[in-house]
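Residue-level structure breakdown
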Amino acid sequence: MNITIIGAGYVGLVTGVCLASVNHDVIVLDIHEKKVDLLKQGISPIYEPGLEPLLKQQLQDHKMTFTTDYHEACNQAEIIILAVGTPSKQDGSSDLSFIKSAAEEIGAQLMKNGTIIVTKSTVPVGTNKKIKGWIQNRLSGPYHFSLASNPEFLREGSAIHDTFDGDRIVIGADSQAAAAKLEEMHRPFNVPVLHTSIESAEMIKYASNAFLATKISFINEIANICEKLGGNIEDVAHGMGMDSRIGPHFLQAGIGYGGSCFPKDTNALVQLAGDIDHKFELLESVIKVNAKQQVSLVNKAREHFGSLSGKKAGVLGLSFKPNTDDIREAASIEIVKQLLAEGVAVTVYDPVAIDNARSVLGESVSYGEHLFDSIEDQDMLFIATEWEEFKVLRLKTIAKLMKNPAVFDGRNCFSLEEAKETTVDYYSVGRPAVIKSSSLI
Ligand SMILES: NC(=O)C1=CN([C@@H]2O[C@H](COP(=O)(O)OP(=O)(O)OC[C@H]3O[C@@H](n4cnc5c(N)ncnc54)[C@H](O)[C@@H]3O)[C@@H](O)[C@H]2O)C=CC1
Ligand SMILES: O=C(O)[C@H]1O[C@H](OP(=O)(O)OP(=O)(O)OC[C@H]2O[C@@H](n3ccc(=O)[nH]c3=O)[C@H](O)[C@@H]2O)[C@H](O)[C@@H](O)[C@@H]1O
């Protein structure tokens, strides 16, 4: 099939590469010229495991092209997939300006009947109706087109795996023919397909992300209570997860969820509910709990040291999760900002996200070239992301390198047994702190 994707970000690019790899002919359009230039050379502008080799292969096989030209992208397409960003507005609601401008461009270029316009971007319930209007307003003739919502469930860091091995594909289309064609497009992925109305498909996406965020805030609250009452969150989560009605996933306590989607989508759903006078109190609490959780390690450090002013801190991990360079809404950034506000000199390290971090943190921090640069001579060490290269570090190595070995581990990378065998004062999430009596301040 001839498929066009609008937006070459995490979702558009991964989807395009995967669709091309199962033999569709794919054009990906982005308005960002530099991005398109890189992609034409087979260079991925984002870090996503396995993406670049697969991209290069598609270019070599002539299954995929990149462009900034809407006419070239749209005039032959059977299916056009919208995958542009839908960021948060100031009030938390979803900013549909990229969707609107892409829909208008598509409308102006539609020159034949039967094209299916698919929304893969995460959009509030009712947006597909608006998209229809935006396209219709720009049509240059009486062309007929179909609409469908096909939300995306991939995770950054495992995006290709998730596309080929997802739990479900949701298709909400305005006609049976469009639904059947989209099912055919996805058939090579061999993932179960659910057909729904457009509105249900739009809601499935928000409800899924909101539910996963709720699980995370819930387990983090249990972790906070464990810290005060005793108990080990790892055992508690394990015991809960053994109940098949609860399930083991998304019960990893830590310093909260970040990323480009959970924060944005939970806020958007609260706003969407507010628009129909429904106060979504549960989700409001999930969001509040997460905001507190992101800086909870700094509170522990303040309690440990008395005052943080004039101290030196290393921060390991800047991306919102391992295996991605995405730092959007990452807990690490909140931690760094809080430390700087309290007069701490900060050195950060991440295996792939330093360039993105520099664009947000500028010269306010030092950037380690090696992870030891963020550990050596520091008074305290924060672990914000559970990159594999941090998990294989040993606490005794960390202890030797630090001035005052105090480790604040936001992702429970080390066991308490290991902490007890070292000179490190070790704080983690939902587990008792391991404090050496000689270091009590
Ligand atoms: N990042 C993720 O893991 C997931 C994201 N989503 C949703 O997918 C959508 C896209 O997210 P990302 O790929 O992360 O965004 P992104 O910000 O990485 O990429 C969006 C791309 O769209 C381009 N763009 C903006 N306006 C355009 C226009 N008018 N015409 C053509 N291109 C345009 C931008 O230049 C950018 O390259 C969002 O709605 C997001 O909520 C859904 C599931 C997973
Ligand atoms: O809509 C989206 O963009 C995507 O959002 C999430 O994917 P993603 O944000 O890439 O990453 P996750 O693995 O879900 O992690 C999100 C955040 O939650 C945190 N998390 C996750 C799981 C857990 O048990 N505990 C926990 O704190 C992670 O550290 C991370 O900061 C969803 O998992 C995807 O299904 C969805 O498509």
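Along each chain, the written sequence defines residue order, and numbers are assigned to residues from 1. Whichever chain is written first becomes A and whichever ligand is written first becomes 1, with later ones labelled in order. A pLDDT threshold of at least 70 governs which residues receive local features in this predicted model, and a stricter bar of 80 or more applies before side-chain atom pairs are shown or counted, although totals over entire chains, interfaces and linings include all residues. Hydrogens and water are ignored here; the side-chain numbers use all heavy atoms of the structure.

Examining the environment of Met380
By definition, any uninterrupted DSSP run of H or I lasting at least four residues is a helix, any uninterrupted run of E lasting at least two residues is a strand, and each is numbered from the N terminus. Relative to the elements of secondary structure, Met380 occurs in strand S12 (residues 380-383). For every residue, the accessible area (1.4 Å probe, protein chains only) is compared with the maximum for its type, and the residue is labelled buried under 20%, exposed over 50%, or partly exposed between those bounds. Overall, Met380 belongs to the buried group, its relative accessible area being 0%. Sequence separation between Met380 and Val407 is 27 residues, and the spatial gap between their C-alpha atoms is 5.8 Å.

Comments concerning the UniProt feature "domain: UDP-glucose/GDP-mannose dehydrogenase C-terminal" (unreviewed entry) in the protein chain
Mapped onto the present numbering, the UniProt feature "domain: UDP-glucose/GDP-mannose dehydrogenase C-terminal" (unreviewed entry) falls at residues 314-416. End-to-end, the C-alpha atoms of residues 314-416 are 21 Å apart, and along that stretch the chain is 30% helix and 17% strand. UniProt positions are given in the numbering used here, feature names are shortened, and annotations may be inferred rather than shown by experiment.

Section: the site of ligand 1
Summary of the distance rule: residues count as near a molecule or strand when at least one heavy atom falls within 4 Å of that molecule or strand. Taken together, 29 residues lie near ligand 1, and Asp30, Lys35, Tyr70, Thr86 and Lys264 sit nearest. Residues adjacent in sequence count toward polar contacts only when both atoms are side-chain atoms; beyond that, a polar contact is any pair of N or O atoms within 3.5 Å, and within protein one must be able to donate a hydrogen and the other to accept it. Asp30 has a polar side-chain atom sitting 2.6 Å from an oxygen atom of ligand 1. Between ligand 1 and the protein, one listed contact pairs an oxygen atom with a side-chain N or O atom of Thr86 at 2.5 Å. Among the elements of the structure, helix H1 (10-21) and helix H5 (97-109) are those that each provide at least two residues to the shell around ligand 1. By residue number, the principal contributor to the shell around ligand 1 is H5, which donates three residues. Along the lines of polarity and charge, the residues of the shell around ligand 1 split into 13 nonpolar, nine polar and seven charged. For this classification, the nonpolar set comprises Ala, Val, Leu, Ile, Met, Phe, Trp, Tyr, Cys and Pro, the charged set comprises Asp, Glu, Lys and Arg, and every other residue, Gly included, is treated as polar.

Concerning the environment of Arg155
Within the secondary structure, Arg155 is located in the loop between strand S6 (145-149) and helix H7 (159-164). On the basis of relative accessible area, Arg155 is assigned to the partly exposed category, the value being 39%. Considered as a pair, Arg155 and Val315 are 160 residues apart in the sequence and their alpha carbons are 24 Å apart. Beyond its immediate sequence surroundings of up to four residues, Arg155 is in contact with Glu48, His161, Asp162 and Lys321. A distance of 2.7 Å separates polar atoms of two side chains, one belonging to Arg155 and the other to Asp162. Any pair of residues with heavy atoms lying within 4.5 Å of one another is described as a contacting pair.

A word on the packing of aromatic side chains
Only centres within 6.5 Å qualify two rings of Phe, Tyr or Trp (six-membered ring in Trp) as a pair; their planes then separate them into stacked at under 30 degrees, edge-to-face at over 60, and tilted for everything else. For the coordinates displayed, the defined rule picks out seven aromatic pairs. Ring centres of Phe164 and Phe189 lie 5.2 Å apart, and the angle between their planes is 85 degrees; on these two criteria the pair is classed as edge-to-face. Separated by 25 residues along the polypeptide, Phe164 in helix H7 and Phe189 in the loop between helix H8 (176-186) and strand S8 (193-196) bring together distant segments of the chain. Look at Phe382 and Phe408: their rings are 5.2 Å apart centre to centre, the planes differ by 25 degrees, and that puts the pair in the stacked class. One end of the pair, Phe382, is in strand S12; the other, Phe408, is in strand S13 (residues 406-409), and 26 residues separate them in sequence. Residues Phe382 and Phe408 agree in their burial class; the two are buried. Over a ring means this: the NZ of a Lys or the CZ of an Arg is within 6 Å of the ring centre and within 35 degrees of the ring normal. A cation sits over an aromatic face here: Arg168 above Phe153, 3.6 Å from the ring centre. The cationic tip of Arg358 hangs over the ring face of Tyr367; the distance from NZ or CZ to the ring centre is 4.2 Å.

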